[in-house]
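Descriptive structure summary
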Amino acid sequence: VQLQASGGGLVQTGGSLRLSCATSGRTFSTFSSFAMGWFRQAPGKEREFVASISESGGSTYYADSVQGRFTISRDGAKNTVSLQMNSLKPEDTAVYYCAARWGGLASREERYNYWGQGTQVTVSS
């Protein structure tokens, strides 16, 4: 069971980045059974919820801090989930993690069953 996040980097304020999370392993052969989420952790802070997408992709949920700027999506053919981040701000600087859970949307990290390693996003002012 593996989740591999990628796409992080250094960007200026107002810029954009697109994160991707690839799934692999036998468990994720039923990718459509999983709701997916993105979380982030800034230096010295607790990990926080960013966005979640339902198993079908028909429902999404965002943290207030990213609503209108970030878009979560999934590709059932590739078994991937993406996070398009626009209008980035310095406060978006963090390590971003993707996660998967059986069942529907969730914003609480303890409800997620599988986690990937993080990818660093740095937004310069």
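The following refers to the structure shown. These figures come from a predicted structure and were not determined experimentally. (Residues numbered from 1 in each chain as written. Predicted model: local features only at pLDDT ≥ 70, side-chain atom pairs only at ≥ 80, totals over all residues. Heavy atoms only, no water.)

Looking now at the packing of aromatic side chains. Aromatic rings in a pair are described by how distant their centres are and how their planes are angled relative to each other. Tallying each qualifying case throughout the model produces nine aromatic pairs. Each ring, one from F34 and one from W102, has its centre 4.2 Å from the other, and the planes form 35°; the classification is tilted. Residue F34 is located in strand β4 (residues 34-41), and its partner W102 is located in strand β9 (residues 94-102); the two are separated by 68 residues in the primary sequence. Looking at F34, the relative accessible area reads 0%, which means it is buried. Between F39 and Y112 the ring centres are 5.1 Å apart and the planes differ by 80°, which places this aromatic pair in the edge-to-face class. Taken together, the residues F39 in strand β4 and Y112 in the loop between β9 and β10 (114-115) connect sequence positions 73 residues apart. Assessed through its relative accessible area of 6%, Y112 is described here as buried. Through pairs of rings, three or more aromatic residues link up here, namely F39, F49, Y61, Y112 and W115. R47 extends its terminal NZ or CZ atom over the ring of Y97, reaching a point 4.9 Å from the ring centre. Cation over ring: R47 sits above W115, and NZ or CZ is 3.9 Å from the ring centre. (Phe/Tyr/Trp six-rings, centres within 6.5 Å; stacked < 30°, edge-to-face > 60°. Helix = DSSP H or I, 4+ residues; strand = E, 2+ residues; numbered from the N terminus. Buried < 20%, exposed > 50% of the residue type's maximum accessible area, 1.4 Å probe, protein only. Lys NZ or Arg CZ within 6 Å of the ring centre and 35° of its normal.)

Turning our eyes to something else, we now look at the pairing of strand β5 (residues 48-53). Counting buried positions along β5 gives five out of six residues, so the element sits mostly inside the fold. Note: β4 against β5, five bridges, orientation antiparallel. The residue bridging R40 from the neighbouring strand is E48, located in β5. In textbook terms, the turn of a hairpin is the stretch between consecutive antiparallel strands, and for β4 and β5 this stretch comprises six residues, one of which, G44, has a positive phi near 75°. Adjacent in sequence and paired antiparallel, β5 and strand β6 (residues 60-62) are bridged by six residues, among which G57 carries a positive phi angle near 85°. (Pairing = 2+ DSSP bridges.)

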